[in-house]
Structures are given as C-alpha cells and as structure tokens.
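# Fold and geometry: a report
Listed below are the residues making up each chain.
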Amino acid sequence: MTSTTRLTVAQALVRFLSAQYTERDGARHRLIGATWGIFGHGNVAGIGQALVEYGDVMPYHQGRNEQAMVHAAVGYARQSGRLSTHAVTTSIGPGATNLVTGAALATINHLPVLLLPGDVFAARPADPVLQQLEVPYAGDVSVNDCLRPVSRYFDRITRPEALIPSALQAMRVLTDPVETGAVTLALPQDVQAEAYDWPEEFFAERTWVVRRPGADPTELAEAVRAIRGARRPLLVAGGGVHHSRAEAALAEFAAVTRIPVASTQAGKGSLRFDHPQDVGGVGHTGTATADELARTADLVIGVGTRYTDFTTASGTLFAHPDVRFLNLNIAPYDGHKLAGMPLIADARSGLMELTAALDMHAYRVAASYLAEYTEDKERWEQRVDACYEADEPDVRPTQPQVLGVLDALVDESDVIINAAGSLPGDLHKLWRARSRDQYHLEYGYSCMGYEIPAAIGVKLAAPERRVWALVGDGTYLMMPTEIVTAVQEGVAIKVLLVQNHGYASIGGLSEETGAERFGTAYRHRAADGTFTGAPLPVDLAANAASLGMRVLRAKTVSDLREALAEARDADTPTCVYVETQTADTVSGPPPAQAWWDVPVAETATRPSAVKARELYERHVSTRRRHLRRSNRS
C-alpha cells in the first residue's frame with residue numbers, strides 16, 4: 001500500500017519544489033532556489049502559509065513589485081546558467097497581471113522562471129470575488145489567462161490531484177534547453193488551502209538532466225563542407241553560447257579556424273574582447289569591423305542566435321550576393337531561419353564536433369582575411385579609446401566617458417547589467433567584455449526597469465561578484481522599488497544612475513524619423529505647449545537615498561572616478577549618480593553602423609518627416625529576403 005501524507009495543495013507544492021534538482025556535465029543544482037512573493041487575499045492563506053510551514057527548506061524573498069520579482073528571478077536564472085531559478089507567487093487580480101511583462105521577458109530570452117499566481121475560487125462559492133474579471137461568455141476565464149501567450153507552459157490547478165502531473169510537466173519545461181521560459185501554474189485560492197492525501201513518492205528528490213544533444217552526422221558533414229568552401233566566413237555568437245556554457249569551445253573553434261567572431265547583445269562576451277578573433281557587436285548597434293565583415297561574408301555561421309532585426313539590420317546587413325547561412329542551434333525553429341543549413345545541436349557539442357572535423361582537414365581562413373579584420377579591429381579600438389578619453393577631468397562627462405571610467409575600474413569579476421535606453425547601443429559598440437558573464441544585457445525584450453531587480457537576482461546567484469545595474473533616468477523612474485529589497489536583505493548591488501533628462505534613445509530615434517523628439521524629454525511645458533522648457537527639478541539621487549540606499553553624487557569626470565571606486569568597494573547597496581552632458585563629435589559614441597527599420601510616415605507636411613521618409617525609402621530598397629536554400633540538396 002502506498003504511503004501518503006496529508007497536506008494542503010500549497011504545502012505539497014512547496015515541499016515538491018524543494019526536492020527538484022538539475023544536472024549537467026556531472027554538476028547538480030537545486031532547481032528552485034527560493035520563492036519571491038507579495039501576498040494578498042489570493043495567496044496569503046495558501047502559498048503564504050506553506051512558505052511559513054516549510055521555511056526551513058524553501059527560502060523566501062520579499063518583493064515590492066510583481067514584475068520586478070520576475071526580473072530578479074530571471075537575473076538569478078541567467079547567472080545560474082539556466083540550471084537554477086526562483087519561483088514567484090502573487091495574489092489574484094493586479095498582482096497576477098503584473099507578472100505578464102516579466103513572463104514575456106523570460107520566455108523571449110529562453111530563461112526559466114516559475115510563476116504561481118493566485119486565482120479565483122475553483123468551486124465558486126462566492127462569485128465574483130474581489131478583483132475578479134467577469135467574462136460573460138466564459139466562466140472558466142480569469143485574468144491569469146493573460147499569461148498563456150507569454151508562458152511556455154500554463155495550467156490552472158482546479159483539483160488537488162491535478163497538481164501531480166502538472167507539477168512534473170512544469171519541471172520538464174523549466175529544464176528543457178529548447179522549451180524553457182516562463183512556466184505558470186495558476187492556483188485558485190480555495191484549492192491552495194484544500195487538503196489531500198499525497199503519495200510520498202511525489203516528494204522524493206528528482207534530478208532533471210539538462211541534455212547536450214550532438215549533431216546529426218549528415219548535417220555535420222554538410223556544415224563542414226560549407227565552411228571549407230567559404231572564403232569570407234563570419235561567426236555570429238548569440239545567447240545560446242552562454243546558455244550552453246560553450247565559451248571555451250567557441251574560443252577553440254576560433255583559434256583553430258581563425259574565423260572572425262561577432263556577437264549579438266545576448267552573445268557578447270562569448271569571447272573576451274582581446275581574443276584575436278573577436279570583432280565585437282554585430283548589427284544596428286554593432287562595430288564597424290563586425291558590420292563590414294557581415295556585409296561581405298559569403299557564409300554566416302550563426303551559433304545560438306535567433307537573428308533578430310537588430311542583428312540582421314532589418315534584413316539589410318548580409319549583403320553578399322551569394323551569402324549562405326549555417327545555423328548551429330539547439331532549437332530547430334531557429335536553426336532553419338534565413339533558409340539556413342541547420343545544424344541542430346547543443347552549442348558546445350556542435351562547436352566541438354565542428355572544430356575536430358575542420359582541424360582534421362587543416363582548415364584555416366586565408367592569411368589576407370585574418371590581416372584585414374585584425375587591422376580593422378585595431379582601428380575600431382582606437383575609436384573606442386577616443387570615446388572613453390576625457391581630456392578635461394573637471395567637466396561633466398558624456399555617457400561614453402562614464403562607461404570609459406567604469407571600464408578602467410572593473411575586472412573580469414564585475415557584472416554589468418543593462419536593458420534599455422541609449423546605454424545598450426553604447427555598450428554593444430564600446431564595452432570590452434572581460435569574462436563570459438560580465439556583460440549582462442537583456443535585449444530580447446529590452447524591458448525598462450529590469451536592471452535593478454535583475455542585479456539583485458545576479459548577486460543572490462553569485463554573492464562573490466560585484467554587480468552593477470546601469471540605468472538612465474527613464475528606466476530608473478520605471479522601477480526603483482527593489483532598492484528597498486536590496487537594502488532590506490543587504491544585497492550589495494551597485495547602481496550607476498545616469499541623468500540625461502528624458503528618454504535619450506527614443507529621443508534620438510524620434511528625431512531621425514521626423515517626430516522631432518515629441519514627448520521624449522523630461523521638461524516643463526513651454527509657452528507653445530511643447531515640453532521644451534527647463535528640465536524638471538527631479539532629484540533622483542534623493543529618491544534613491546529615501547529608499548535607503550547610500551548615494552554618491554558625481555559632478556565631474558574626476559568625481560566619477562572616485563565615486564565608482566568607492567562604490568565598487570562598498571559592502572552595502574550603493575548608488576552613484578551622475579548627470580551627463582550632450583555628447584559631441586569627438587567623445588560621443590560612433591553612429592549606428594547599420595540600419596534598423598522603424599517605419600516613417602508615408603505622408604507628412606513637416607519637412608523633418610518628409611526628409612526622414614526619403615532616407616527610409618533608400619534603406620528599405622536594400623532589404624532582401626534570404627530565401628535561397630543553403631544546403632546542397
């Protein structure tokens with residue numbers, strides 16, 4: 001007879017989660033390292049009580065915003081190599097819908113996170129309940145259904161026994177390197193508190209092996225032939241390189257073949273910046289070196305990339321008339337993009353197999369090609385030096401100079417986190433990544449407000465690291481709430497807060513597209529009704545201090561050097577606040593080296609929009625569909 005234990009559904013779920021593990025390459029990790037929660041009537045008596053009951057086996061973190069809690073869990077998961085993550089519990093109603101943005105971010109970036117929103121009564125003894133959305137045509141719909149399209153797995157647990165198969169499926173998806181993303185188990189508040197006799201086997205430790213599939217022999221042979229036949233190959237490293245921990249395998253592949261390696265935002269750091277084959281970021285925010293190689297490449301080897309529009313310059317970057325694509329990806333969906341030759345495999349396994357096969361054939365790119373991109377890279381590094389250099393240390397810095405001061409201070413142990421605004425473009429072009437996980441850019445969803453909570457998650461995953469959240473004023477105002485969490489838990493993150501009085505990135509884009517920076521500045525209204533008056537008297541440093549954070553103000557380049565050095569050594573949450581000046585042509589960042597498609601008004605009377613449309617049409621004319629099949633059959 002099977003032995004059972006009588007627990008509530010919430011208690012059973014917490015106990016189950018505490019016994020789940022992952023394993024890859026012989027290393028074992030706890031899958032759900034902790035649970036974040038904000039409690040309301042939809043989860044306080046269920047999951048909340050269970051976390052009290054099993055506090056000895058399930059750590060708890062108190063959040064201030066539900067979206068931010070997901071960001072913290074995602075930051076933890078990324079830093080943990082997707083082998084460990086956190087759960088997030090909320091009440092019903094607004095608490096649950098606040099999860100949607102974070103869930104979309106997790107799923108787009110293929111990062112695991114477990115969401116446990118409360119739900120309305122399954123038995124409907126009181127109908128409707130507080131915060132319930134009534135849907136007249138469907139009694140089984142709640143606001144939690146908003147999470148379906150942004151989750152890789154979704155289930156609503158309307159009976160206690162339904163938890164068993166659903167919980168197992170949830171763990172399968174969280175640990176699947178292809179399918180992983182946000183997983184949602186919606187928990188009706190009455191079911192959470194309902195007791196059931198659970199089989200003891202449900203609580204036994206389970207280890208979920210994260211697989212490393214190798215390449216199909218036929219696909220591998222085709223890939224080797226394609227590379228050997230290429231004269232100007234270029235490898236594009238995406239986030240899959242990091243997810244697979246394939247950085248060393250990529251470095252070996254590049255050293256053996258001498259094929260240059262460009263990187264997407266998610267893939268930057270796959271090679272150290274000073275590796276001979278690293279040519280920097282590629283695409284709209286890429287380097288001149290990488291983008292010129294992309295324009296002339298006859299074979300593009302995509303490794304772990306989904307080829308977003310920033311990478312392909314909206315279909316205009318890969319301009320060689322006979323360009324072909326070889327896509328090493330664990331996900332077949334991405335492996336077949338751009339009519340590419342698929343090599344469906346784990347990034348590390350696939351790169352090791354390719355390296356061995358090409359080394360056996362003594363394949364190397366031509367010495368002239370190596371010399372060409374090496375010289376171009378040296379010229380680009382000189383441009384980076386010029387952007388970073390501050391000849392006058394007693395003046396307000398430009399944004400690139402802020403990055404230059406930080407670049408001179410950090411080492412491979414520091415982690416730099418950013419997600420949105422003008423900083424991602426500057427960082428992708430200029431930052432010199434020193435380790436595989438120093439550069440942490442969330443650019444799949446580019447979610448304003450990600451940086452501070454994600455920094456907390458990264459610091460929890462790697463407490464020995466120095467973790468920097470780089471934020472502009474627009475991003476800061478979206479979600480500064482988790483500063484309180486960092487202070488409460490003593491998580492010594494560093495926040496570099498750049499004040500530039502508005503949405504700098506979108507302001508520039510607005511100007512380029514004929515919208516004349518409308519609605520992008522943080523300024524008073526002028527007499528003509530536009531927001532062109534004096535800057536708003538907002539003191540973001542005082543705001544951060546009011547939330548409990550230590551704040552260091554820097555007015556000049558010299559001040560900034562001292563403040564960043566002091567913050568780096570701090571063992572408490574510390575913010576460095578600096579107001580930047582408008583970048584000039586000498587110290588400003590290099591302009592975009594490739595296009596990005598943001599449609600411009602087809603009809604307009606204002607000269608700025610007319611001019612922008614003319615330029616847009618010239619760029620659009622260069623777009624191409626990559627439809628010619630890259631395989632030999």
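Above this text is the structure in question.
Described below are features of the structure shown in this document.

Conventions we followed
- Residues numbered from 1 in each chain as written.
- Predicted model: local features only at pLDDT ≥ 70, side-chain atom pairs only at ≥ 80, totals over all residues.
- Heavy atoms only, no water.
- Core = buried A, V, L, I, M, F, W, Y, C linked by side-chain atoms within 4.5 Å.
- Buried < 20%, exposed > 50% of the residue type's maximum accessible area, 1.4 Å probe, protein only.
- Contact = heavy atoms within 4.5 Å.
- Pairing = 2+ DSSP bridges.
- Helix = DSSP H or I, 4+ residues; strand = E, 2+ residues; numbered from the N terminus.
- Axes fitted to C-alpha atoms, helices over the stretch in contact; angles between N-to-C directions.
- Phe/Tyr/Trp six-rings, centres within 6.5 Å; stacked < 30°, edge-to-face > 60°.
- Lys NZ or Arg CZ within 6 Å of the ring centre and 35° of its normal.

### Section: the nonpolar core
Formed by 53 residues in total, the largest nonpolar core has its most connected members in Ile227, Leu235, Phe253, Ile301 and Leu351. Apart from the residues within four sequence positions on either side, Ile227 is in contact with Phe253, Ile259, Leu299, Ile301, Leu326, Leu354, Leu358 and Tyr363. By size, the runner-up hydrophobic cluster in this structure holds 47 residues, among which are Ala72, Phe154, Cys447 and Ala544.

### A word on the sheet that holds strand E9 (residues 182-188)
With parallel pairing, six strands are arranged side by side in an open sheet as E5-E4-E6-E7-E9-E8. Across the chains shown, the open sheet's two edge strands, defined by having one partner strand only, are strand E5 (60-62) and strand E8 (153-156). If you compare each strand with its neighbour and ignore which way they point, the axes differ by 20° on average. Sheet topology note: the E8/E9 ladder contains four bridges and is parallel. Looking across to E9, one finds that Phe154 is bridged to Thr184. Contacts from helix H5 (residues 99-108) reach strand E6 (85-90), strand E7 (113-119) and E9 within the one sheet, and its direction differs from that of E7 by about 155°.

### Describing the environment of Val598
Relative to the helices and strands, Val598 resides in the loop between strand E23 (574-579) and helix H24 (607-620). What makes Val598 partly exposed here is its relative accessible area of 23%. Spatially, the C-alpha atoms of Val598 and Leu509 are 8.6 Å apart, while their sequence positions differ by 89 residues. Filtering out sequence-adjacent residues up to four positions away, Val598 remains in contact with Leu509, Thr513 and Tyr616.

### Let's talk about the packing of aromatic side chains
Inspection of the entire model under this criterion finds 12 aromatic pairs. Ring geometry for Phe310 versus Tyr443: centroids 5.3 Å apart, planes at 70°, classification edge-to-face. Remark: Tyr443 occurs in the loop between strand E19 (439-441) and helix H18 (451-461) and Phe310 occurs in helix H12 (residues 309-312); sequence separation between them is 133 residues. For Tyr443, a relative accessible area of 22% translates into the label partly exposed. Seen in terms of ring centroids, Phe318 and Phe325 are 5.4 Å apart; in terms of plane orientation they differ by 85°. Their pairing is edge-to-face. Taken individually, Phe318 and Phe325 each receive the classification buried, so the pair is uniform in this respect. Between the NZ or CZ atom of Lys268 and the centre of the ring of Tyr439, over which it lies, the distance is 5.5 Å. Here the guanidinium or amino end of Arg434 rests over the ring plane of Trp431, the centre of that ring lying 6.0 Å away.

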